[in-house]
Amino acid sequence: MTVTGVDFVALQVRDLEAAASFYEQRLGLKRTPAGPPHAVVFDTAPIPFAVREPLPGVHLPERPGAGVALWLKADDAQRLHDELAGAGVPITSAPVDGPFGRTFSFADPEGYVVTVHDA
């Protein structure tokens, strides 16, 4: 028996509705009607992405996700960068062109650093 790949990604967040609204309003993700309690699952492909309340006993640090790389693919990374920067979202890495197309990173409201690319 072997693992065949990543099948689901979820970020634990302090403020579920604020985090879900950020990903919905700023990145254009669409909520799915199904999902576990205390979570918002988005209709992303090929891997579902969600934000959820922390599991019992989990206390999130000031900067959650340190050491984890979360990359999201966009149609137009530069345009998304410009929209996020214009809305005051902290940009942690300016856009550059590389093997994954135009790439940049931002910090979400919880402090997770997310990288966006378009190739």
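Up top is the structure.
First, a word on scope: everything that follows refers to the structure included in this document. (Residues numbered from 1 in each chain as written. Predicted model: local features only at pLDDT ≥ 70, side-chain atom pairs only at ≥ 80, totals over all residues. Heavy atoms only, no water.)

Here we look at the overall build of the protein chain
Within the protein chain, the regular secondary structure consists of two helices and seven strands. When the helices and strands of the protein chain are placed in sequence order, the string is β-α-β-β-β-α-β-β-β. Counting across all 119 residues of the protein chain, residues that qualify as buried make up 36%. Contacts in the protein chain between residues far apart in sequence, at least 24 positions, make up 52% of those at least 6 positions apart. (Helix = DSSP H or I, 4+ residues; strand = E, 2+ residues; numbered from the N terminus. Buried < 20%, exposed > 50% of the residue type's maximum accessible area, 1.4 Å probe, protein only. Contact = heavy atoms within 4.5 Å.)

A look at the layout of surface pockets
The space that makes up the largest pocket amounts to roughly 660 Å³. Along the walls of the largest pocket sit 22 residues, with Leu27, Leu29, Leu72, Lys73 and Ala74 positioned nearest its centre. Elements with a minimum of two residues in the lining of the largest pocket: α1 (16–27), β4 (70–73), α2 (77–86) and β7 (113–117). For the lining of the largest pocket, the class distribution of residues is 13 nonpolar, three polar and six charged. Looking at the second largest pocket, its volume works out to about 160 Å³. Ala10, Leu11, Gln12, Leu60, Pro64, Gly65, Val68, Leu70, Tyr112, Val113 and Val114 together form the lining of the second largest pocket. Looking at the lining of the second largest pocket, the elements that each hand over two or more residues are β1 (9–12) and β7. Here the lining of the second largest pocket gets three residues from one element, more than from any other, and that element is β1. Tallied by class, the residues present in the lining of the second largest pocket amount to nine nonpolar, two polar and no charged. (1 Å grid on protein atoms, 1.4 Å probe; cavity = no way out; pocket = protein on both sides within 12 Å on 5 of 7 lines; lining within 4 Å. Points joined across faces, edges and corners; volume = space filled by probe spheres on them. Nonpolar A, V, L, I, M, F, W, Y, C, P; charged D, E, K, R; others polar.)

Structural notes on the pattern of salt bridges
Enumeration according to the criterion identifies five salt bridges in this entry. Of the charged contacts, one joins Asp97 and Arg102 as a salt bridge, the two residues approaching to 3.3 Å between their closest N and O atoms. The exposure class assigned to Asp97 is exposed, which follows from its relative accessible area of 60%. Among the residues examined, Arg102 registers a relative accessible area of 23% and is labelled partly exposed. A cluster of three or more residues bridged by salt bridges with shared partners is formed by Glu17, Glu24 and Arg31. (Salt bridge = Lys/Arg side-chain N within 4 Å of Asp/Glu carboxyl O.)

With respect to the sheet that holds strand β3 (residues 49–52)
What holds strands together in a sheet is hydrogen bonding between their backbones, with the strands either parallel or antiparallel. Across the sheet, three strands lie side by side as β1-β3-β2; this open sheet has mixed pairing. Each end of this open sheet is capped by a strand with a single partner; those strands are β1 and β2 (39–42). Looking at each pair of strands side by side, their axes are set apart by 20° on average, direction ignored. Judged from the four bridges that link them, β2 and β3 form a sheet pairing that is antiparallel. Across the sheet, Ala39 pairs through a bridge with Arg52, a residue of β3. (Pairing = 2+ DSSP bridges. Axes fitted to C-alpha atoms, helices over the stretch in contact; angles between N-to-C directions.)

Any functional reading would require information that these geometric values do not contain.
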